[in-house]
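# Observations on chain architecture
Chain residues, written in single-letter form:
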Amino acid sequence: MTPPLTRHLTRRLTTAQALVDFLAVQYTERDGSRHRLIDATWGIFGHGNVAGIGQALLETGAAMPYFQGRNEQAMVHAAVGYARQSGRLSAHAVTTSIGPGATNLVTGAALATINHLPVLLLPGDTFATRPADPVLQQLEVPSDGGISVNDCLRPVSRYFDRINRPEALIPAVLRAMRVLTDPAETGAVTLALPQDVQAEAYDWPAGFFAERVWHVRRPAPDPHELDRAVRAVRAARRPLVVAGGGVRHSAAEEALAAFATATRIPVASTQAGKGSLRHDHPADVGGIGHTGTATADALARTADLVIGIGTRYSDFTTASATLFANPDVRFLNLNITGFDAHKLGALPLVADARASLEALTAALAGSDDHRTDTAYEDEYTDAKARWERRVDTAYATPDPDARPTQTQVLGLLDELVTDDDILINAAGSLPGDLHKLWRTRSPGQYHVEYGYSCMGYEIPAAIGVQLAARGRPVWALVGDGTYLMNPTEIVTAVQENLPVKLVVLQNHGYASIGGLSESVGGERFGTAYRHRSADGGFTGPPLPVDLAANAASLGMRVLRAHTVRELREALAAARAEDRPTCVYVETETADTVSGPPPAQAWWDVPVAETATRPSAVSAREEYERHVTDRRPHL
C-alpha cells in the first residue's frame, strides 16, 4: 500500500530513470525468503537506448548493477541462466538499441518463454512522436505505421507492451512484474521503449518508487482433484513418475524423494527434471524418452499410471507419442498450469508441485495399498543396476594414451566433480549422452536447456549461472558447432573475472545432426566441417580451425589435451582455477571405439516419401514401421 505521506508527492524523472529506479526496489518472497527481483541489467547501447536507459543506469549507479554484453541473444541466455539458477525468484533485465539489437533478442526470448524462465527485455524503439520518419534501422510497414521490428517479440513474450507515453509505464511495468513472478505464466516479458519517450521527463508519484514485494504463490490442490489422484495411485499396479522442470522450479526435490520413498514408485526424469532425485536414490531410474535409459523406457512402455510432475510432455519425452504403450495407461498430471495438467487426457492436479506432492503423500499415508508391489520394485532395481554397468562401460578409459571419446570426457568429469559442480549444455549430441549417462549428485547440478535446445546457449548461460552461484565450479560443455555460434561472451567472463570452466569438444562438425541425417536418408549431407572436395561435396580434409587459439585470443587460459591422461590432468587444473579457463580436446569418433548406448525410444523426423537414393528409400521403410506405433491418449 502506498504510504499516505508520499501519495501526493512527485519526483521529476525521465521515463528511463523512473523505470530503473522502480526496478531497483522490486522483490520476491516465497516460503519466508526474500529476493531482489531484478538483480542486474545487461546492455549494449546504441541510438535507441544510450540516452535513455543507458543514461539512467549511469545515474542510478550501484543501485542497479550493469553487465556489458557482446551479443544481444547471448545477454538473454546469460539472464536465463541466472534466473534458472536462482529458482526463478531473481531475474535480470536486458536493454538494447532499436533495429538489429532488438531483433537479436527474439531467439533468447523464445528460449526463456518455452522454458518458463523470467527475463525482462527492454528494447529501444523508434520515435513515438515520429518527428523524422523513418529513422535509422526503422522497419516501414506501409499498411500500419505503428509496427516496428519489436513486434517480432510479441509471440515469444508472455507479456508485451509498447510505452508510447511516460504515464503508460506505470500500469505496464506493474503488469510486467506480475507476469515475471507468476509461476504459471512466467517467461520473457517485453517493454518496448521508444527512444524519445525514454528521455522525456514526467512528474512521477513518489509511491511508484516504494518497495514492493511480489509473493510467489504455492497454490494447493483442489480437494476433489486430490481425491481422484489418490484413488488413481492406489489402483495402479505399475505406476511411473515423470519428473519435469516444475519439480526444480518449485524446489520440490525433497517432497519428491519423500513421495518416492513412501510409495516405492520409480521416478524417471525429463531433461529439465533430471536431478530431481540423486542418481543413487533407489527410485531414480534415469532419463526418459528418446534420450532416456533402457530402464525408464521399458517401465514407460508397461506403465498403467504415468504421474507427470511439472512436465510439458515434449516429443522427446513421449518418444513422439509412441512410448506409453500399455493400452490401459492413464495419466495423472501435477502441474501449476492447467494447460499442461490436462495433456494426454490426464486426471489434472492443478497446483504447485511441492504442495501437490506433500498433499498426495499425506493422503496416501496409513493405507495398505499405497506402496508398489515388491516384485515391481525388484524389477526396476535390477534393471537400473544393469544400466549402470552400461554407463561404466561407456565411461571406461582402458588406454590412457588414446584420444578420448565424448562419453569418456563425461566419465572423466564424473570422477572429478562433487555435489557443488554445475554442468551446462543445450545442443548437439551431448544432451543425449548426458541424459542417458550423467550421474546427477545434487538438484542444481544438471543444467541442460532442452526446451529450445539452442546452440550458443552454453557459454553465456554459464556466466549467468556463475553470477548466481559464486564460489561453485560451473562447467560449460560445448561442441565445436555450438562454440562457433556464440563464443563472444567469453570476453564478458574475462572482464568480470568469472571462473567459468569451458570444455570444448572438437569433432569437426555437427555430430548430432550428422547421425540424424544418416538415419533419415540424408547421408550426413552438410554436417561436416571439411574442405569442399572435387566432386562438390564437403569430404575433403578437416578445416584448420583452431578454437583453442580463438578462446585464448578472447582472454581465457587454455589447456589443450590430446589423450585421456592429459585430459584428466587438464580438467583437474581447470577446476582449481580462479579465472575463466578453457579445456580443449579433439574427441575420437571412430566406430571402433565404444560410445554411448543407442537411443532407447523413437523420435519422429519425417522421411522423404519419394526418393531415388537407396538410403532414403530404406529410411522411409523404417519410418513407416515406427509411425504405426504412434497413438493418441484420450
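Residues numbered from 1 in each chain as written. Predicted model: local features only at pLDDT ≥ 70, side-chain atom pairs only at ≥ 80, totals over all residues. Heavy atoms only, no water.

## Some remarks on the overall build of the chain
Regarding its fold elements, the chain presents 24 helices and 23 strands. Expected size for 634 residues packed as a compact globule is a radius of gyration near 26 Å; at 26 Å, the chain falls within 12% of this value. Its C-alpha atoms give the chain principal-axis dimensions of about 70 × 70 × 55 Å. Scored against the burial criterion, the 634 residues of the chain give a buried share of 56%. Here the analysis covers contacts within the chain between residues at least 6 apart in sequence; of these, 76% occur between residues at least 24 apart. Counting only carbon and sulfur atoms, one obtains 53% of the accessible surface of the chain, whose full area is about 25200 Å². In the chain, 59 side chains carry a positive charge and 72 a negative one; their mean positions are 3 Å apart. (Helix = DSSP H or I, 4+ residues; strand = E, 2+ residues; numbered from the N terminus. Rg over C-alpha atoms; globule rule 2.2 N^0.38 Å. Buried < 20%, exposed > 50% of the residue type's maximum accessible area, 1.4 Å probe, protein only. Contact = heavy atoms within 4.5 Å. Areas by Shrake-Rupley, 256 points an atom, 1.4 Å probe, with all protein chains shown as cover. Lys, Arg positive; Asp, Glu negative; His and termini not counted. Charge placed at Lys NZ, Arg CZ, Asp CG, Glu CD.)

## A closer look at the packing of aromatic side chains
Enumeration according to the criterion identifies 13 aromatic pairs in this entry. For the pair phenylalanine 208 and phenylalanine 209, a centre-to-centre distance of 5.2 Å together with 70 degrees between the ring planes defines the contact as edge-to-face. As far as burial versus exposure is concerned, phenylalanine 208 and phenylalanine 209 are alike and both buried. A connected cluster of aromatic rings, assembled from ring pairs, spans Phe22, Tyr202, Trp204, Phe208 and Phe209. Between the NZ or CZ atom of arginine 11 and the centre of the ring of phenylalanine 209, over which it lies, the distance is 4.5 Å. The aromatic ring of tyrosine 27 is capped on one face by arginine 34, whose charged end is 3.9 Å from the ring centroid. (Phe/Tyr/Trp six-rings, centres within 6.5 Å; stacked < 30°, edge-to-face > 60°. Lys NZ or Arg CZ within 6 Å of the ring centre and 35° of its normal.)

## Focus on the sheet that holds strand β15 (residues 305–309)
Strand order in this open sheet of six strands is β14-β13-β12-β15-β16-β17, and the pairing throughout is parallel. Looking along the sheet, the strands with just one partner apiece sit at the ends: β14 (284–287) and β17 (347–350). Each strand of the sheet is rotated relative to its neighbour by a mean of 20 degrees, with strand direction disregarded. The pairing of strand β12 (residues 239–243) with strand β13 (residues 267–269) spans three bridges and is parallel. (Pairing = 2+ DSSP bridges. Axes fitted to C-alpha atoms, helices over the stretch in contact; angles between N-to-C directions.)

## Some remarks on unusual backbone geometry
Look at the link from aspartate 133 to proline 134: it is a cis peptide, with omega at 10 degrees. Note on placement: proline 134 falls in the loop between β7 (119–125) and β8 (159–162). Positive phi, normally seen in glycine, also occurs at arginine 264, with a value near 60 degrees. As for its placement among the helices and strands, arginine 264 is situated in the loop between α10 (253–263) and β13.

## So, the environment of alanine 258
Following the sequence through the fold, alanine 258 ends up in helix α10. Residues alanine 258 and valine 409, spaced 151 residues apart in sequence, show a C-alpha to C-alpha distance of 34 Å.

## A look at the pattern of salt bridges
According to the stated counting rule, one finds 37 salt bridges in the structure shown. In this structure, aspartate 151 and arginine 162 form a salt bridge, with 2.9 Å as the shortest nitrogen-oxygen distance. Of the two residues, aspartate 151 sits in the loop between β7 and β8 while arginine 162 sits in strand β8, which places them eleven residues apart along the sequence. You can call arginine 162 buried: its relative accessible area is 15%. (Salt bridge = Lys/Arg side-chain N within 4 Å of Asp/Glu carboxyl O.)

## Here we look at the nonpolar core
Within the largest apolar cluster, 52 residues are counted, with the highest numbers of intra-cluster contacts made by Val94, Leu121, Tyr483 and Leu502. Apart from the residues within four sequence positions on either side, leucine 121 is in contact with Val76, Val94, Leu105, Ala109, Leu153, Ala188, Val189, Thr190 and Leu191. In terms of nonpolar packing, the next biggest core, distinct from the first, is built from 34 residues, Met64, Met177, Val189 and Leu191 among them. (Core = buried A, V, L, I, M, F, W, Y, C linked by side-chain atoms within 4.5 Å.)

## Some details on the environment of aspartate 21
Within the secondary structure, aspartate 21 sits in helix α1 (residues 15–23). Separated by 590 residues in sequence, aspartate 21 and alanine 611 have C-alpha atoms that sit 62 Å apart. Apart from the residues lying within four places of it in its own chain, the contact partners of aspartate 21 are Arg11, Leu13, Thr60 and Phe209. Here threonine 60 takes part through its side chain, which lies 3.4 Å from a polar atom of the side chain of aspartate 21. (Polar contact = N/O pair within 3.5 Å; in protein donor to acceptor, adjacent residues only side chain to side chain.)

## Remarks on the side chain of threonine 492
Topologically, threonine 492 is positioned in helix α20 (residues 490–496). A polar contact of 3.0 Å, which involves the side chain of threonine 492, links it to the side chain of arginine 70. Among all residues touching threonine 492, those that are not within four sequence positions of it are Trp42, Gln68, Gly69, Arg70 and Ile463.

## Details of the sheet that holds strand β22 (residues 557–561)
Taken in spatial order, the six strands line up as β19-β18-β20-β21-β23-β22 in an open sheet, and their pairing is parallel. Edge strands, defined here as strands with exactly one partner in the open sheet, are β19 (446–448) and β22. The average undirected angle you get between the axes of adjacent strands in this sheet is 20 degrees. Lying on the sheet, helix α18 (residues 458–468) is in contact with β18 (422–425), β19, β20 (474–479) and β21 (501–506); it crosses β20 at an angle near 175 degrees.

## Here's the deal with a nonpolar patch on the surface
A cluster of nonpolar side chains, namely Phe45, Val50 and Tyr66, defines an oily patch on the protein surface of about 240 Å² accessible area. Position of tyrosine 66 relative to the elements: it lies in strand β5 (residues 66–68). Using a relative accessible area of 30% as the deciding quantity, one classes tyrosine 66 as partly exposed. (Patch = residues over 30% accessible without salt bridge, like charges linked within 9 Å, V, L, I, M, F, W, Y side chains within 5 Å.)

## Section: the packing of helix α3 (residues 72–85) against helix α5 (residues 106–114)
Direction vectors running N to C along α3 and α5 enclose 20 degrees, while the axes themselves pass 7 Å from each other. Here α5 runs roughly parallel to α3, going by the angle between their axes. At the point where α3 passes α5, the crossing takes the right-handed sense. Side by side, α3 and α5 meet where Gln73, Val76, His77 and Val80 of the first sit next to Thr107, Gly108, Ala109, Leu111 and Ala112 of the second. Of the residues belonging to the contact of α3 with α5, the class tally is five nonpolar, four polar and no charged. (Parallel < 35°, antiparallel > 145°, perpendicular 65-115°, else oblique. Left-handed = near helix turned anticlockwise from the far one by under 90°. Nonpolar A, V, L, I, M, F, W, Y, C, P; charged D, E, K, R; others polar.)

Everything listed here is a matter of coordinates, which is why it stays silent on function.
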